[in-house]
Structures are given as C-alpha cells and as structure tokens.
Amino acid sequence: MSIIHVKNLSKTFESYKKEPGLIGSIKGLFSSETIYSQAVKDISFDIAEGEFIGFVGPNGAGKTTTLKMLSGILYPTSGDVEVLGFKPFKRAPEFQKQFGLVMGQKNQLWWDLPARESFILNKAIYEVSDHDYKKTLDELTDILDVEDFLDIQVRKLSLGQRMKCELIAALLHSPRILFLDEPTIGLDVVSQRNIREFLSEYNRSRKTTIILTSHYMEDIRRLCKRVIIIDHGSIIYDGDYKNLTEKYAGDKTIHVSFSDAVLENDLKSLGRTTMANSTSAKINVPRKDIAAITNRLLIGFPVDDISISEESIEKIISDIFEGK
Amino acid sequence: MKTIKIFFALCAINFKHLLIYRASFWITFLLMAGWAGAYVTFIEVIFGHIDTLAGWGKGEALLVLSYYYLFQNISDIFYKDNFEEFSDVMRRGELDFRIIKPVSSRLLAFCYKMRFDQLASLVVTAGLFAYALSELKMNISPLYFSMGILYTTISVVLYYSILSIISTFAFWMQKSDTFKVLIWNVSQVARYPRQIYTGIIGKVLTFIIPIAGLASVPAEIALQFDHGKIAYILAGITIVMMAIAQWFWSFGLKRYSSAG
C-alpha cells in the first residue's frame, strides 16, 4: 500500500540576476531581472510502506528539493503530494511525529553540548515516554556503538561519530519514514560501511520506509532495491536497481586473453573493440549477441581465458546524465 | 500547554550553555552596570533642573527606567539573539530542522538560543529598582509592584510579537536587518514615561507600533496611577499582535526556500 503519493509535483525557485561589478550592483538597486528556475518538474511516483528507495542524480538535479517537499520544509509550486495521508506543507504535528530527517551537510545536534542533551530535547518535542526513550536509545546506542561518546561535546566528535548521533536523534521517536539526504557524504570508507549496515538492518527489522539521496552509487547498490533517477528536475528512471543495467546498458564486455598471437583485424568483426593487441582484447557486444560471439571466439581463436562483465552502474548513470 | 513545556525544555538546554559563556556573564554585568549608570546620571541631570517630567517625579521616572531594564533583560535572555540572527539562519537554510518538528515552529525559530549569561543584568536591574524605590516619595504596595512585574512579562510578549512580524518580512526581503535596527532604536523610547510622547507620535507609539508603554504601563500599575484603562488596552493589543504575528509567520513560511 502506498504511503507516499506524488503526482505532477513541481517546484520553482525565484532569484534575481545581478550584473557583475560595482556598476551592476548599483543598477541592481533600482531594477533587477527575476529568474525562475524549475528545480523539480512535474514528477510522479508512489512509495509503499517498508520500501528502501534511492534517489540518484547529479548536483542540482532536484533530489534534495523533492525530499524537502516530502518532509514539509518546502511548499510545492504545483502538483499533489501526500505522505501518510497528510499534505506535508501543512506541517500537522501528527504528521511530523511520524518521520525523521537526516541531512549530511546540516546538523540538528547542539554543537557545544553532548549529543545526549539534544536527544533529551527531542524526547520532549516528540513526546516520547521515559520507557520508550530509554529502550530506543539503548538499542540504537548499542547497534551504532556510540555509548562512549554520547557525553562528549558534539563539536569534538569525528564526522562519522556525529552522523551516528544524528541518526539517533532522527530515530528516537521511531518514525515510520526516514528521509536521508547524503548521510554518508564526507565519511571514510569504514564509517560509510557502518552507516550502510545499520540502515539496511534498521529497514529490514523495523519495516521503516527509507528514502535516501546519495552521490555514492555504492550506497544505492548496497541498500536500495528500487532507484529513482532524477535529472534536471525530471524523473528519467523509476524501477528496480537490477533492471537499470538491462535497460540502459545495451552492451556487455567480453574480456579475453589468447595463448597464441592473433590478428587484431580478425577481432574487429566480432564487435566494438575497446582494447586489442595480439594476446588480449576487450570487446563490447550487444547483449542479445553475447552467446553467439562467445561461441565464435572459442571456436575460431586460441582462447586462454575469457570472462563477461556488465557495464558499471556509475558508467551507466553517467552516460544517462550526459545524454549518451 | 505543549508550547510551554517545550519552552522550558529549551530553557533547560540553553541553561547548560551557561558554563560556555562564563566570561560573557561577567562582561555583561560590567557593561549593563555602565549603561544603567549612564541613564541614571542622565535622569539625575534632568531632575536637577526640573521637578517633574510630564507629571512624573524623579523616583517615578527611575521606576520606569527600572521596569524598562527588566523588560529588556528578559528579552535579551529569551529571544533577542534569535531575532538578530534570523535573516542569516533563514538564508543558510538552518530553519529546516526547526520547522519540521511537531511543535510551534515560531517558538523554535525565535526562542531557540537563549542567553542565560545575561542573567547578570538582572542583578544590576535589581539594584536600579532599589535605588528607584528609595527615591520615591510614596510607598509602593508589594501587590501592585508584583502586578507591574507581571505586566512586564506582557510587554515582553508584545515586543516578541512585534519583532516576529518584522522578522517574518525576511521571507520576502531575505534580509530585514534594517527594520530590526530601526525597531531596536525606536524601542529605546520605552525607557521614559509614555506621557512625554504627545500628538500623532504618541498615538502611533501607543497603538500602531505599541512600544511607548512597554515599561511605562507596568510602572503606572505599580504606582497605582489612575490609568487602569491603558492596562487593558495594552493586554488587548498584545493579544491582537500575537494573533497577527502567528498568522503572518504561517503565511511567510510558504515562501521559505531553504538552502543547499
């Protein structure tokens, strides 16, 4: 059952054009040109309870703007949005109690105080009972292994430690939906892995709906079954992560090495060679021809070793964004 | 009820900040003592030449000044910094986390940071009250003195609403600092008896931008002056301003564009 319903949602921002230099600034005092930029254009999708969705797109694609409209931070310019049966922009407290938000580049923790103090404030704001607060905090502290630094000033924590505390602050009230905007940005590889493992387990055990935006394809690959690709404010793909490869990667790559020297020209008839010499080659072959070409290689050439690979997801997405 | 509970939760977390601002506590004490001393001297100079000012004697004028400082101290402690920083907070997108919480977003926007180091000012203000009372030619009933204090809290709420309305313009203008500086300067008129402002200016400062009575009315109540009506008017204006401020805030929030 759908708990997030988005239909023809758009968001346009207004800004003012300023001519460069001092003269431009003086002119700007009297007249300025208004610029309208459409950050999100007419997007539609539905999300079911318990899903883990990845929002992928380059900088300025509209991922964060979409997330902010879903959480009620931004007021949509047009279209419908409904989350848990509420219009997010009306900011009903009953709605706000049911979601959490983590933003990798902003923090909700009090900078000069230990994270525990921010948790206590959130407990009051979300009206979490003493029993539930203790139970949830103990569980999250244990899973995220943060017991040792809950009483250290936030500004003295590492980025990874701080992000774990941000997650706790967003989850103390056991929300039904968790919005994550670049939660692993700037983290080292180990911290990224820890956060990913936690999120995966949390989604699996609690059935919490998680919507994640990330630049790191590794986050999406490891966590999200479904991915929504957004570019220039429009959705260009919404579906299974696995199907993305089949839909957009028309070719597979055959990596082959030979026991005896072969003629490079003979290989060109098999497909598009991206690398070829007398002892090895990489050949891009249409997906449907892969069996036939492999067969021809094995019969007609002194093959020593052969393997077939899919194009990397990073490459596929980068090709999509570049319009290839 | 929940808003009051969260207000106290904000007080608690901000009070824990006090240790971080230990030096500021003492600097505030000295600065406040200096300012209060300067204004007391100013009043001494005025009353060195005249006996009454718009019907107010020296002790009574000092009492207005004391209520003014009390009103200012409370504003400084609970919300002043938030209004000063609001434009920047809004433009940097730092309102994001405050407007998605299931509690009054205006409370989180304007009472998020409190300055308990400013408690030092209250010590100076207490001294000023003692001096004003010693200069009065009459005895003040403790009941009416307390009612004056109560009315100071109404003034604090009224001033909060006025500043809230002005700050909300930042959603359109991005920066409303000039307005704020203006209102801050205009608020200085509250340190003198409101009767000295006459004609149109007096009407504007009493009913349109109701700042003239912020300290004067609590003093009038404490002194049992025959001005009962103005107390009701101030309370009524406060309720109207609170409603306008809340409506305008909700309207302005639709324009919030966050950042990043």
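Presented here is a report on the structure given in the accompanying data block. (Residues numbered from 1 in each chain as written. Chains lettered and ligands numbered in written order. Predicted model: local features only at pLDDT ≥ 70, side-chain atom pairs only at ≥ 80, totals over all residues.)

1. With respect to the overall build of chain A
Of regular secondary structure, chain A possesses twelve helices and 13 strands. What you see for chain A is a C-alpha radius of gyration of 25 Å, clearly larger than the 20 Å of a compact globule of 324 residues, by over 25%. In terms of overall dimensions, chain A has C-alpha extents of about 75 × 60 × 45 Å along its principal axes. Among the 324 residues that make up chain A, the fraction classed as buried is 36%. Across chain A, contacts joining residues at least 24 apart in sequence account for 69% of those joining residues at least 6 apart. (Helix = DSSP H or I, 4+ residues; strand = E, 2+ residues; numbered from the N terminus. Rg over C-alpha atoms; globule rule 2.2 N^0.38 Å. Buried ≥ 20, exposed ≤ 12 C-beta atoms within 10 Å, placed from the backbone. Contact = placed C-beta atoms within 7 Å.)

2. Quick word on the overall build of chain B
For chain B, the count of helices and strands is 13 helices and zero strands. Listing each helix as α and each strand as β along chain B from the N terminus yields α-α-α-α-α-α-α-α-α-α-α-α-α. Taking 260 residues into account, the globule formula puts the C-alpha radius of gyration at 18 Å, and chain B, at 19 Å, falls close to it. Oriented by its inertia axes, the alpha-carbon framework of chain B measures out at about 60 × 45 × 35 Å. By residue count, 38% of the 260 residues in chain B fall in the buried class. When contacts within chain B are restricted to residue pairs at least 6 apart in sequence, those whose partners lie at least 24 apart make up 79%.

3. Details of the environment of Arg194(B)
Residue and element names in this part refer to chain B. Of note, Arg194 is situated in the loop between α10 (177–186) and α11 (199–208). Taking the C-beta count within 10 Å as the criterion, Arg194 has 26 such neighbours and is therefore assigned buried. Distance from Arg194 to Pro142, taken between C-alpha atoms, is 23 Å for residues 52 residues apart in sequence. The residues contacting Arg194, other than those within four sequence positions of it, are Thr206, Ala212, Gly213 and Ser216.

4. Quick notes on the interface of chain A and chain B
The interface of chain A with chain B comprises 23 residues on the first partner and 19 residues on the second. Sorting the residues of the side of chain A that touches chain B by element identifies α2 (63–71), α3 (93–96) and α4 (115–125) of chain A as the ones contributing at least two each. Ranked by residues supplied to the side of chain A that touches chain B, first place goes to α4(A) with four residues. Across the side of chain A that touches chain B, the residue classes break down as twelve nonpolar, five polar and six charged. (Nonpolar A, V, L, I, M, F, W, Y, C, P; charged D, E, K, R; others polar.)

5. Remarks on the nonpolar core
Among the nonpolar cores identified, the biggest contains 122 residues, and Ile168(A), Phe179(A) and Val64(B) are the most heavily contacted of them. Take this core: its biggest share by element is 13 residues, from helix α3 (residues 58–78) of chain B. With residues up to four places along the chain from it excluded, the contact list for Phe179(A) reads Leu67(A), Leu70(A), Ser71(A), Phe99(A), Leu101(A) and Ile211(A). Core analysis: the next-biggest nonpolar cluster, separate from the first, contains nine residues, Val256(A), Ile283(A), Val285(A) and Leu297(A) among them. (Core = buried A, V, L, I, M, F, W, Y, C linked by C-beta atoms within 7 Å.)

6. Remarks on the packing of helix α2 (residues 22–49) of chain B against α3(B)
Residues and elements named next belong to chain B. Relative to each other, α2 and α3 sit at 160°, their axes nearing to 10 Å. If you check the angle between α2 and α3, you find them roughly antiparallel. The handedness of the crossing between α2 and α3 is right-handed. On α3, the residues touching Ala36, Tyr39, Ile43 and Phe47 of α2 are Lys58, Ala61, Leu62, Leu65 and Tyr69. Of the residues in the contact of α2 with α3, the class split is eight nonpolar, no polar and one charged. (Axes fitted to C-alpha atoms, helices over the stretch in contact; angles between N-to-C directions. Parallel < 35°, antiparallel > 145°, perpendicular 65-115°, else oblique. Left-handed = near helix turned anticlockwise from the far one by under 90°.)

7. Observations concerning the pairing of strand β13 (residues 303–309) of chain A
Residues and elements named next belong to chain A. Burial runs low along β13: only zero of the seven residues are buried. The sheet contact formed by strand β10 (residues 251–258) and β13 spans six bridges and is antiparallel. Its bridge partner being in β13, Val256 is matched across the sheet by Ile306. (Pairing = 2+ DSSP bridges.)

8. A word on helix α7 (residues 189–206) of chain A
Residues and elements named next belong to chain A. With 18 residues, α7 should cover 26 Å at 1.5 Å per step; its first-to-last C-alpha distance of 26 Å lies within 8% of that length. Among the residues of α7, those classed as buried are Gln192, Ile195, Arg196 and Leu199. Down the axis of α7, the buried side of the element spans an arc of 100°, and every buried residue falls inside it. Turned more than 90 degrees away from the buried face of α7 sit Val190, Glu201, Arg204 and Ser205, all of them exposed. Each element contacted by the buried residues of α7 is listed here: α6 (159–171), β7 (209–213) and α8 (217–223). (Expected span 1.5 Å × (residues − 1). Arc of directions from axis to C-beta.)

9. Here's the deal with the sheet that holds strand β11 (residues 272–276) of chain A
All names here are of chain A. Strand order in the open sheet formed by four strands is β11-β12-β10-β13, and the pairing between neighbours is antiparallel. Of all the strands in the sheet, just β11 and β13 have a single pairing partner and so form its edges. Strand-to-strand twist of the sheet, defined as the mean angle between neighbouring strand axes without regard to direction, takes the value 20°.

10. Some remarks on the pairing of strand β9 (residues 234–240) of chain A
Residue and element names in this part refer to chain A. The pairing of strand β8 (residues 226–231) with β9 spans six bridges and is classified as antiparallel. Each bridged residue has a counterpart across the sheet, and for Ile228 the counterpart in β9 is Asp238. In this antiparallel pair of consecutive strands, β8 and β9, the connection spans two residues, and His232 shows a positive phi of 50°.

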